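Fold and contact review
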Amino acid sequence: MVDVDTRLLRYFVAVAEEGTLTRAAVRLYVSQPALTKQIRQLESLVGELLFTRSRAGMELTEAGRVLASRAPGLLGEWDGALRETRGAAGRAAKVLRVGFLASAANEATEGIFAEFARLRPGWRVEMRQASWSDPTAGLAGGEAEVALLRLPFPGREALRVAELFAEPRWVALPAGHRLAGSEVIPFRDLWDEPFVAAPPETGGWQDHWLAAGEREGRPVRIGAVTDQPDEWLSAIANGYGIALAPESAARYYARPGIVYRPVSGVSPTRVGVAWVPAADDDPVVRDFVQCCLEGDFVRCCPEGPGGVV
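All values derive from a computational prediction rather than experimental measurement. (Residues numbered from 1 in each chain as written. Predicted model: local features only at pLDDT ≥ 70, side-chain atom pairs only at ≥ 80, totals over all residues. Heavy atoms only, no water.)

When a strand is regular, its side chains alternate between the sheet's two faces. Both strand 9 (residues 194–197) and strand 10 (residues 221–225) contribute to a ladder of 4 bridges, which runs parallel. Bridge pairing in strand 10 places Ala197 opposite Val225. Regarding topology, helix 6 (residues 204–210) serves as the crossover connection from strand 9 to the parallel strand 10, and that connection is right-handed. (Pairing = 2+ DSSP bridges. Helix = DSSP H or I, 4+ residues; strand = E, 2+ residues; numbered from the N terminus. Right-handed = clockwise from strand over helix to strand, strands pointing away.)

This is the structure:
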């Protein structure tokens, strides 16, 4: 009998569905060499070649097709069992695990939690901050039942997402930067600057915070890669690069040596609440989502709440 880590099966399914290691690596937030190593490890455990490799991509062998037909169901059953187990533990303790990135839902966060406590007496919210290498804020790995996160993010097609509000993207600069005294900075004036970026494995998440698609084809210069707010702030203060950030970062991540300035010519960032489809019928998750959608932030954010996407 062969014992296989479910992580290896997830990697296998991603490669089988994407057809290339490159796309699968982006989807999984891992490097391509690391993914190649994991696929080889799985083939070694199974004792069969699962893919044939070519310049065109990764093609399933006969053995690979058999495993590809069964693996998603196996993973689905395991995920469901794990979610029910954790959910039962959480319900016994009356705890809702909420993943979040950076400042969560900004000033609305406290009101959301207060309203949830009113709807669910005796329950408490356990906040779990995720690193930027996990833009789903713990939902993808089952570490959270619901999450407050930034849109867009890779993997959102597998989740339920309701947009809450939008806010402008500003830029974080070292205090001594030549543009630090500007009232508003046109984004095109920043195109040739080095940027502090999220890990490359995050794919579209990194691209969004570099505004890679809003540079009229101008390539991005990356001066540093960070995965946590403290590392991000240090890299900027030390002059390794600048970074786009939510307007609220000027309030939540104020620090000596760093200034935040408005930027024109770049799209806003959006905040959403997300949950897994399996939690659609979970009354506790539904109550939390309701608190998000009906919170006081509606009055302070002109674009207001959006629908489920």
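What the 5 strands build is an open sheet, ordered 4-3-5-13-6; its pairing is mixed. In this open sheet, the two edge strands, each paired with only one partner strand, are strand 4 (124–129) and strand 6 (160–167). Within this sheet the neighbouring strands show an average axis-to-axis angle of 25 degrees, counted without direction. With 3 bridges joining them, strand 3 (residues 95–100) and strand 5 (residues 146–151) adopt parallel strand pairing. Note that in strand 5 the partner of Phe100 across the bridge is Leu148. (Axes fitted to C-alpha atoms, helices over the stretch in contact; angles between N-to-C directions.)

This brings us to unusual backbone geometry. Cis geometry marks the peptide bond from Leu151 to Pro152; its omega dihedral reads -5 degrees. Relative to the helices and strands, Pro152 resides in the loop between strand 5 and strand 6. Unlike most non-glycine residues, Ala211 shows phi in positive territory, near 50 degrees. Position of Ala211 among the secondary structure elements: in the loop between helix 6 and strand 10. Non-glycine residue Glu216 carries a positive phi angle of around 55 degrees.

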